[in-house]
Amino acid sequence: MAPRTETSLNVLTTEIICGDCREVLQRFGDGTFDLIVTSPPYADQRARTYGGIKPQHYVEWFLERSAEFRRVLKPSGTFILNIKEKAERGERHVYVIELILALRKQGWLWTEEFIWHKRNCHPGRWPNRFRDAWERCLQFNKTRHFKMFQREVMVPMGEWTKTRLKRLGKNDVVRFESRVASGFGKNIANWLGRDMAYPSNVLHFATECANKGHSATFPKALPEWFIKLFTEPGDWVLDPFTGSGTTNLVARELGRNSVGIDNVPQYVALAKKYLFRKPFCDGNNAILWDRLTEASSKAP
Ligand SMILES: C[S@@+](CC[C@H](N)C(=O)[O-])C[C@H]1O[C@@H](n2cnc3c(N)ncnc32)[C@H](O)[C@@H]1O
């Protein structure tokens, strides 16, 4: 098999491996990956299908794995963790908050928190709260100098420019400091003539309801956004809890190499089915298929 760090525009590798990510990752060298994007089992949820880790054991369970994530991530790389604590007996669990603090102690920088707003969240009513319509996407890095390609995720300026930028007042053409002493200033005129703007840290993606044979898939748009923001074509992406292989599918569509790991053979089979449902048309099918077969034959 070619070295894991090989990056060539002519060869794209997608590996789906069955096993506990903690053990599987030991096969990979230090600093292999540019981006880790993943949604792990949430504490105590879906215990009958996978996971079922008690909230009080979650941090310890996760840290054993995130130590490996940290080792295999390049110093310029980013780790995105999609997670959400549930509510039980009238209050939210604090295990995610404890996890953030523990990951910082493990050496990670908690760089940012993105909110994934679930645009199509179905309605519901609970006696003491409203429906859950968002999840965390926590960003961790090894250093402050990580790769980031902000222009790749720019968004259209939107309709507001047509009215707001049409009549500029005297405060709009110079840097105008906030009147409420927030420390924020802006020069509205800077946006004149621009079609695109940088997005905020709130991401509006609809959940995908198609029955994919996995109970907790995230929408393709989620890994897509982070892969575009933090990697370049030919880079290496890892999803250590890959489930149906959404991350790997998107990584391949965007021309990135990827490794997906899941410890449930049924999900590994599902991921492979999705990845090879339609031929990958860039002339490298044979290579891709060979590598996938080779990787899967090593599954524990
Ligand atoms: C939330 S799901 C991921 C779904 C995925 N994002 C998708 O779109 O299909 C979490 C996955 O982690 C897997 N898992 C749980 N413990 C694991 C472990 N120790 N190593 C690898 N995978 C694990 C579960 O089988 C499950 O498929």
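Residues numbered from 1 in each chain as written. Predicted model: local features only at pLDDT ≥ 70, side-chain atom pairs only at ≥ 80, totals over all residues.

### Focus: the overall build of the chain
The cut-off we apply is this: Think of it this way: any DSSP run of H or I at least four residues long counts as a helix, any run of E at least two long counts as a strand, and we number them from the N terminus. Here, residues touch in the contact sense if the C-beta positions derived from the backbone fall within 7 Å of one another.
Looking only at helices and strands, the chain has 8 helices and 14 strands in total. Intrachain contacts of the chain at a sequence separation of at least 6 include 73% that bridge at least 24 residues.

### Quick notes on the pairing of strand β2 (residues 33–38)
Put simply, the rule is: Think of it as a crowd count around each C-beta: if 20 or more other C-beta atoms lie within 10 Å the residue is buried, if 12 or fewer it is exposed, and in between it is partly exposed, with C-beta placed from the backbone throughout. At least two bridges found by DSSP between two strands are what make those strands a pair.
In terms of residue burial, β2 counts as a mostly covered element, since 6 of its 6 residues are buried. Pairing of β2 with strand β3 (residues 73–83) involves 5 bridges; the strand directions are parallel. Across the sheet, Phe33 pairs through a bridge with Leu73, a residue of β3. In terms of strand pairing, β2 meets strand β13 (residues 236–239) through 2 bridges, oriented parallel. Looking at the pairing, Ile36 lines up with Leu238 of β13.

### Thoughts on the packing of helix α2 (residues 55–72) against helix α3 (residues 95–105)
We apply this condition: Axis angles are defined between N-to-C directions and span 0 to 180 degrees, where every axis is a line fitted to C-alpha atoms and, for a helix, only to the segment in contact. When the near helix sits turned anticlockwise from the far one by under a right angle, the crossing is termed left-handed; a clockwise turn instead gives a right-handed crossing. Amino acids are sorted into nonpolar (Ala, Val, Leu, Ile, Met, Phe, Trp, Tyr, Cys and Pro), charged (Asp, Glu, Lys and Arg) and polar (every other residue, Gly among them).
The interhelical angle for the contact between α2 and α3, taken along N-to-C directions, is 35 degrees, at an axis separation of 9 Å. The way α2 lies across α3 gives a crossing that is right-handed. Here α2 contributes Pro55, Tyr58, Val59, Phe62, Leu63 and Ser66 to the contact with α3, which in turn contributes Tyr95, Glu98, Leu99, Ala102 and Leu103. Its residues assigned to classes, the contact of α2 with α3 comprises 9 nonpolar, 1 polar and 1 charged.

### Things to note about the sheet that holds strand β14 (residues 257–262)
Taking strand neighbours across the sheet as the criterion, the 8 strands line up as β1-β14-β13-β2-β3-β7-β6-β12 in an open arrangement whose pairing is mixed. Whereas interior strands pair on both sides, the edge strands pair on one side only; in this sheet they are β1 (14–18) and β12 (202–205). Between one strand axis and the next, the sheet turns through 20 degrees on average, direction left out of account. Its contacts with the sheet put helix α6 (residues 246–253) on β1, β2, β13 and β14, and the angle it makes with β14 is roughly 175 degrees.

### Some points on helix α5 (residues 221–230)
Across the 10 residues of α5, 8 count as buried, placing the element largely inside the fold. Every buried residue of α5 is accounted for by Leu222, Pro223, Glu224, Trp225, Phe226, Ile227, Leu229 and Phe230. Lining the buried residues of α5 we find β2, β3, β6 (109–118), β12, β13 and α6.

### Some words on the environment of Gln26
On the secondary structure map, Gln26 appears in the loop between α1 (21–24) and β2. According to the C-beta neighbour criterion, Gln26 is exposed, with 10 such atoms within 10 Å.

### Digging into the confidence of the model for the chain
Heads up, the condition is: The score called pLDDT rates the predictor's confidence residue by residue, from a low of 0 to a high of 100.
Scored by pLDDT, the chain has a mean of 83; 77% of the residues are at 70 or more. Low pLDDT, under 50, characterises residues 279–287; the predicted model gives this stretch 8 contacts beyond four residues in sequence or across chains. Under a pLDDT of 50 for its full length, residues 293–300 has, in the predicted model, 12 contacts with residues more than four places off or in other chains.

### Considering the packing of α5 against α6
Note the threshold: For classification purposes, an angle smaller than 35 degrees is called roughly parallel, one larger than 145 roughly antiparallel, one from 65 to 115 roughly perpendicular, and anything else oblique.
At a minimum axis distance of 9 Å, the contact between α5 and α6 shows a crossing angle of 50 degrees. Regarding the angle of α5 to α6, the classification is oblique. Here α5 runs over α6; the crossing is right-handed. Contacts from Pro223, Glu224 and Ile227 in α5 reach Thr246, Thr247, Val250 and Ala251 in α6. Counted by class, the contact of α5 with α6 contains 4 nonpolar, 2 polar and 1 charged residues.

### Topic: the environment of Val94
Mapped onto the secondary structure, Val94 falls in the loop between β5 (91–92) and α3. Taking the number of C-beta atoms within 10 Å as the measure of exposure, Val94 has 11 and is therefore exposed. As for Val94 and Gln56, which are separated by 38 residues in sequence, their C-alpha atoms are 9.5 Å apart.

### Some points on helix α7 (residues 265–275)
Given 3.6 residues per helical turn, the α-helix brings residues three or four places apart onto the same face. So the rule is basically this: Working definition: the arc comes from the directions between the helix axis and the C-beta atoms, pointing outward to the latter.
Within the sequence span of α7, burial applies to Tyr267, Val268, Leu270, Ala271 and Leu275. Buried residues of α7, seen end-on, are gathered within an arc of 160 degrees and therefore sit on one face of the element.

### Details of unusual backbone geometry
Positive phi values are uncommon outside glycine, yet Arg89 reaches one of about 50 degrees. Tracing the sequence through the fold places Arg89 in the loop between β4 (87–88) and β5. Arg89 gets classed as exposed once you count the C-beta atoms within 10 Å, which come to 5.

### Structural notes on the pairing of β1
Across the 5 residues that make up β1, a large majority, 5, are buried. Residues Thr14, Ile16 and Cys18 point to one face of β1 and Glu15 and Ile17 to the other, with burial holding for every one of them. Direction of pairing for β1 relative to β14: parallel, over a ladder of 5 bridges. Across the sheet, the residue bridging to Cys18 is Asp262, located in β14.

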